Amino acid sequence: MDYGYQRMYINAERVDAQSGQTIDVFDPAFGTVIARVPQGNSSDIDQAVRSARHCFDSGVWPGRPARERERILLDLAQIIRRERDILAQTEVKDCGKPLADALADIDEAAFILEYYGGWVTKLNGEIPPTNPEAMSLIVKEPIGVAGLIIPWNYPFLMAIQKIAPALAAGCTCVLKPAEQTPLTALALPKYLEEALLPPGAVNIVTGYGDEAGEALVKHPGVDMISFTGSLEVGRHIQKTAALQIKRVTLELGGKSPNIVFADTNLDDAVAKTCFGVFWNQGEVCSAGSRVIVQEPIYDEFLDRVDNYLSSIKMGCGTHPDTTMGPLISLEHQKRVQEHVKSAYKDGAQCRAKGTLPDDSALIHGYFVEPMVFTNVDMTMRIMREEIFGPVMAVMPFSTEDEAVTLANDTPYGLAAALWTNDIKRALAVAKKLRAGTVWINDSQPAPSEAPWGGYKQSGQGRELGRMGLEEYLETKHIYINLNRGINTPE
């Protein structure tokens, strides 16, 4: 399918980049160009920020009655549910994931809009006790213009995950999708207009991170930045935004541990552990790629993982039998292969082929076969760096304390999983793990009603749930001296 040329969206108008330059968009399953989008830069970002700034400062969006803003978000959710099949097909072509996964992403995006739409009429303040002669009002107000920068592994879901709470809080925003996967973001404008979102409330600028993204972070008209992506870029954004003391929320990388105790249900543990590594081609920041297995079941665990690998069907995401699609790009395919080479060099042993597929239907796409490494230790790159591909590393442990030590031996802290039938052990270990989310006897569920974010170098702030909404709000204290008469108009 050819998506042709897709324009950006600024102040409710479809526009080209002022430079006239464009970016090619590739179908990762076949390595072919399927669309072109504008290569926006600082000039386009400035235009978009001015649009969002006017919509906010004039009160067009934040000053609209809460019930009206709620209704717009709920209507947008229904429109997206109606268009789910088209959006999912576009998502598959854009980023390569299996169609079933893309459909689930669209459904969850619609729910997120409903969830935050419900919050709009429930943003209450407080009246703390002060003294009989005064009253303090604590009110919540939108922070202003939000710059939203999203990654390529969940393009539509991540866009809505940031847009929805921003709008619910009363903010306006400028969205910068990943240059590799802009198509579903650029499908949004017609739905926004159908839902009667006012011009300027959401603006979408396509471009590269070091041009459009950098300009968005630096722009003085932007009050906050919400970024999901790599640790390296997150560090740069935090440094840059610090010059303006700009609020920043960061959801960065991960190297999540998955602890399997000997007393667990091994069938469940193997199935969900493999899912937690190979789901979405391993392009998941919370992937439980460091698997730590108790010694009595170590060999059996590996044998069952081998069986699981044989059930994975690689292919184009639109094929009904496909369970693993391609990686996002040729560049990323090469990056994952470099990690594999380093693992071999460090002495790790691979139980699967770990090569590029030779199937004629796959050789032109950016596929990498899933692989499992053993004979690993915590000094190896494969155990310390985020690979963002279908690569599992498995090592044994003896005691509970050893498992916790190994799990926490990482600069990241996004998520962790553990498997045991002992509830006392489960809760004790969960408390010791330094991660923003800990799964017990499961892997990867991230309900939108609960907060999501990391410890340590996995980021700061939270997305989703009530806490995700609060990132877009300021707190104001209004103090009233009741001894001083305030005349009210008759």
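The preceding data block contains the structure.
So, a few notes on the structure that sits alongside this text. (Residues numbered from 1 in each chain as written. Predicted model: local features only at pLDDT ≥ 70, side-chain atom pairs only at ≥ 80, totals over all residues. Heavy atoms only, no water.)

### Quick look at the overall build of the chain
Line of reasoning, step 1. Scanning the chain from terminus to terminus reveals 15 helices and 20 strands.
Line of reasoning, step 2. Over its C-alpha atoms the chain spans a radius of gyration of 24 Å, differing by no more than 12% from the 23 Å that the globule rule assigns to 490 residues.
Line of reasoning, step 3. Viewed in the frame of its principal axes, the chain has a C-alpha envelope of about 85 × 60 × 40 Å.
Line of reasoning, step 4. Counting every position in the chain, which comprises 490 residues, the buried fraction comes to 56%. (Helix = DSSP H or I, 4+ residues; strand = E, 2+ residues; numbered from the N terminus. Rg over C-alpha atoms; globule rule 2.2 N^0.38 Å. Buried < 20%, exposed > 50% of the residue type's maximum accessible area, 1.4 Å probe, protein only.)

### Digging into the sheet that holds strand β13 (residues 290-294)
Line of reasoning, step 1. Strand order in this open sheet of 7 strands is β14-β15-β16-β13-β12-β17-β18, and the pairing throughout is mixed. Lying at the two open borders of the sheet, with one neighbouring strand each, are β14 (349-350) and β18 (437-440).
Line of reasoning, step 2. In this sheet, strand β16 (residues 391-397) lies alongside strand β15 (residues 371-374) in parallel orientation, the contact comprising 3 bridges. When the bridges of β16 are listed, Met371 appears paired with Val391.
Line of reasoning, step 3. Sitting on the sheet, helix α13 (residues 400-408) touches β12 (257-260), β13 and β16, and the angle it makes with β16 is about 150°. (Pairing = 2+ DSSP bridges. Contact = heavy atoms within 4.5 Å. Axes fitted to C-alpha atoms, helices over the stretch in contact; angles between N-to-C directions.)

### Focus: the packing of aromatic side chains
Line of reasoning, step 1. This model, assessed by the stated rule, comprises 8 aromatic pairs.
Line of reasoning, step 2. Plain terms: the ring middles of Tyr344 and Phe373 are 5.4 Å apart, the flat faces sit at 70° to each other, and that makes the pair edge-to-face. Separated by 29 residues along the polypeptide, Tyr344 in helix α11 (residues 330-345) and Phe373 in strand β15 bring together distant segments of the chain.
Line of reasoning, step 3. Ring-pair connections join several aromatic residues into one group, and the members of that group are Phe111, Tyr115 and Tyr116. (Phe/Tyr/Trp six-rings, centres within 6.5 Å; stacked < 30°, edge-to-face > 60°.)

### Thoughts on helix α3 (residues 84-95)
Line of reasoning, step 1. Taking 1.5 Å as the rise per residue, α3 with 12 residues should run 16 Å; its terminal C-alpha atoms sit 16 Å apart, in good agreement.
Line of reasoning, step 2. Residues of α3 that are buried: Leu87, Ala88, Thr90, Glu91, Val92, Lys93, Asp94 and Cys95.
Line of reasoning, step 3. Buried positions along α3 lie against β4 (22-27), β5 (32-38), α2 (66-82), α4 (99-119), α5 (155-169) and α6 (183-194).
Line of reasoning, step 4. The positive-phi residue at the C-terminal boundary of α3 is Gly96, with phi of around 95°. (Expected span 1.5 Å × (residues − 1).)

### Examining the environment of Ile150
Line of reasoning, step 1. Its location among the elements puts Ile150 in the loop between β7 (145-149) and α5.
Line of reasoning, step 2. Look at Ile150 and you get buried, because its relative accessible area is 4%.
Line of reasoning, step 3. As a C-alpha pair, Ile150 and Leu473 span 323 residues in sequence and 20 Å in three-dimensional space.
Line of reasoning, step 4. Not counting residues up to four positions away in its chain, the partners in contact with Ile150 are Pro155, Met158, Ala159, Lys162, Leu175, Lys176, Pro177, Ala178 and Thr228.

### Topic: the side chain of Gln39
Line of reasoning, step 1. Along the chain, the position of Gln39 falls in the loop between β5 and α1 (42-57).
Line of reasoning, step 2. The exposure class assigned to Gln39 is buried, which follows from its relative accessible area of 11%.
Line of reasoning, step 3. Of note is the side chain of Gln39, whose polar atom sits 3.0 Å from the side chain of Glu211. (Polar contact = N/O pair within 3.5 Å; in protein donor to acceptor, adjacent residues only side chain to side chain.)

### A few points about unusual backbone geometry
Line of reasoning, step 1. The backbone of Ala12 shows a phi angle near 65°, a positive value even though the residue is not glycine.
Line of reasoning, step 2. Tracing the backbone through its elements, the reader meets Ala12 in the loop between β2 (8-10) and β3 (13-15).
Line of reasoning, step 3. A positive phi angle, near 85°, is found at Gln444, a position not held by glycine.
Line of reasoning, step 4. As for its placement among the helices and strands, Gln444 is situated in the loop between β18 and β19 (459-460).

### Let's talk about the pairing of strand β17 (residues 415-419)
Line of reasoning, step 1. Within β17, 5 of the 5 residues are buried, which leaves it mostly tucked inside the rest of the structure.
Line of reasoning, step 2. Side-chain alternation along β17 places Ala415, Ala417 and Trp419 on one buried face and Ala416 and Leu418 on a second face that is also buried.
Line of reasoning, step 3. The pairing of β12 with β17 spans 3 bridges and is classified as parallel. Within β17, the position partnered with Ile259 by the bridge is Leu418.
Line of reasoning, step 4. Inspection of the sheet shows β17 paired to β18 by 4 bridges, in the parallel sense. Paired with Ala417 across the bridge in β18 is Trp439.
Line of reasoning, step 5. After leaving β17, the chain enters helix α14 (residues 423-432) and then returns to the sheet as β18, a path that is right-handed. (Right-handed = clockwise from strand over helix to strand, strands pointing away.)

### A short note on the side chain of Glu251
Line of reasoning, step 1. Mapped onto the elements of the fold, Glu251 is located in strand β11 (residues 247-251).
Line of reasoning, step 2. It turns out Glu251 is buried and unbridged, and the closest side chain with the opposite charge, Lys162, is 7.2 Å from it.
Line of reasoning, step 3. Reaching out from Glu251, the side chain makes a polar contact with the side chain of Trp452 at a distance of 3.1 Å.
Line of reasoning, step 4. Look past the residues within four positions of Glu251 in its chain and what remains in contact with it is Met158, Phe227, Thr228, Gly229, Cys285, Leu414, Trp452, Ser458 and Glu463. (Lys, Arg positive; Asp, Glu negative; His and termini not counted. Salt bridge = Lys/Arg side-chain N within 4 Å of Asp/Glu carboxyl O.)

### Quick look at the nonpolar core
Line of reasoning, step 1. Counting 136 residues, the largest nonpolar core has Ile80, Ile259 and Ile382 as its most contacted members.
Line of reasoning, step 2. Here the element with the most residues in this core is α5; it accounts for 11 residues.
Line of reasoning, step 3. Here Ile80 is in contact with Leu87, Ile106, Ala110, Leu113, Phe156, Ile160 and Leu188, once residues within four sequence places are set aside. (Core = buried A, V, L, I, M, F, W, Y, C linked by side-chain atoms within 4.5 Å.)

### Concerning the sheet that holds β4
Line of reasoning, step 1. Read from one edge of the open sheet, 3 strands run β1-β5-β4, paired in mixed fashion. Looking at strand neighbours, the two that pair on one side only are β1 (4-5) and β4, the edges of this open sheet.
Line of reasoning, step 2. Both β1 and β5 contribute to a ladder of 2 bridges, which runs parallel. Looking across to β5, one finds that Tyr5 is bridged to Arg36.

### Brief notes about the packing of α3 against α5
Line of reasoning, step 1. Between α3 and α5, whose axes approach to 9 Å, the crossing angle comes to 115°. Relative to α5, the element α3 is oriented roughly perpendicular. Each of Leu87, Glu91 and Cys95 in α3 lies in contact with α5, whose residues at this interface are Pro155, Phe156 and Leu157.
Line of reasoning, step 2. Split into classes, the residues belonging to the contact of α3 with α5 amount to 5 nonpolar, no polar and 1 charged. (Parallel < 35°, antiparallel > 145°, perpendicular 65-115°, else oblique. Nonpolar A, V, L, I, M, F, W, Y, C, P; charged D, E, K, R; others polar.)

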